[in-house]
Each structure stands twice: as structure tokens, then as C-alpha cells.
Amino acid sequence: MMKHYILNLNPTAKHEWDRCILRDPLTAKRPDIAKLITEAVGADTGSYLVSVNIEVQVLEQAAVPQAEQLSLSFPEVSVSSQLREAA
């Protein structure tokens, strides 16, 4: 059984659980690894000794966009002159 996931690594994330996130590319849900193994074994009741082989191939890497800083200049407006115009 071959599955594809999106792995997001963020070592500077605020919370530990956000530093390494594995998601389904279509649903964006986090995979339940135990459920995947159960599907592969079958539905028969019992205890199983299983071997799980995880082979990782990076298919594509998307760069994290750098946040651009925009400088906005606002003209200075005198509040008192606007109030006189409104009155």
C-alpha cells in the first residue's frame, strides 16, 4: 500500500506539536497510522506482530515564502482641520 502525505517541518513553531506535521494532500487531515496498519492487516480479531516499513522519498520541496515588509506612508492630516470642515 503506497500513501502520499505532505510533511511540514517548522522548527521555530510555538508549540511542539506544530513542528512536524504530516497531512493527507487531498483532505489535509492528519493520518491515523494505526488505522492504516489495521486496514492492511484486516478485520480479524487478534494480536499481530507486524513489520512496518516506512520508506521516505522527497517528491517535491516547496520553499517557505519570506514575509515581505511593505512600507506604507500615510500623509499627515490635522484632526482639528477635518473637524472644522465637517462642522
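In what follows, the structure referred to is the one given above.
This structure is a prediction, so every number in the text was calculated from the model and none was measured.

About the criteria used
- Think of each chain on its own: its residues are numbered from 1, step by step along the sequence as written.
- With pLDDT at 70 or above as the cut-off, local features in this predicted model cover only qualifying residues; side-chain atom pairs require 80 or more to be listed or tallied, and sums for whole chains, interfaces and linings still use all residues.
- Hydrogens and waters are ignored; side-chain quantities use all the structure's heavy atoms.
- The helix count covers DSSP runs of H or I at least four residues long, the strand count covers runs of E at least two residues long, and both are numbered beginning at the N terminus.
- Lining residues are those with an atom within 4 Å of a point, where the points come from a 1 Å grid over the protein atoms alone and group into cavities, where a 1.4 Å probe fits but cannot get out, or pockets, open sets with protein on both sides within 12 Å along at least five of seven lines.
- Grid points are joined across faces, edges and corners, and a volume is the space filled by probe spheres set on the points.
- The classification used treats Ala, Val, Leu, Ile, Met, Phe, Trp, Tyr, Cys and Pro as nonpolar, Asp, Glu, Lys and Arg as charged, and all other residues, Gly among them, as polar.
- Any pair of residues with heavy atoms lying within 4.5 Å of one another is described as a contacting pair.

### Considering unusual backbone geometry
- If you check the backbone angles, A28 has positive phi at about 65 degrees while not being a glycine.
- Checked against the element boundaries, A28 lands in the loop between β2 (20–23) and α1 (33–41).

### Considerations on the layout of surface pockets
- Of the voids in this model, the largest pocket is the one considered here, and its volume is about 1600 Å³.
- In terms of lining residues, the largest pocket is bounded by 35 residues, among which K3, H4, Y5, L22 and V56 are the most central.
- Those elements that provide at least two residues to the lining of the largest pocket are β1 (6–9), β2 and α1.
- Broken down by element, the lining of the largest pocket gets its largest block of residues, five residues, from α1.
- Its volume calculated, the second largest pocket comes out at about 180 Å³.
- Forming the boundary of the second largest pocket are K3, Y5, D24, T27, K29, R30, P31, D32, K35, L36 and E39.
- Along the lines of polarity and charge, the residues of the lining of the second largest pocket split into three nonpolar, one polar and seven charged.

### Overview of the environment of L36
- Locating L36 in the fold gives a position in helix α1.
- C-alpha separation for the pair L36 and K3, spaced 33 residues apart in sequence, amounts to 9.6 Å.
- For L36, the residues in contact, after removing those within four places along its chain, are M1, K3, Y5 and P31.

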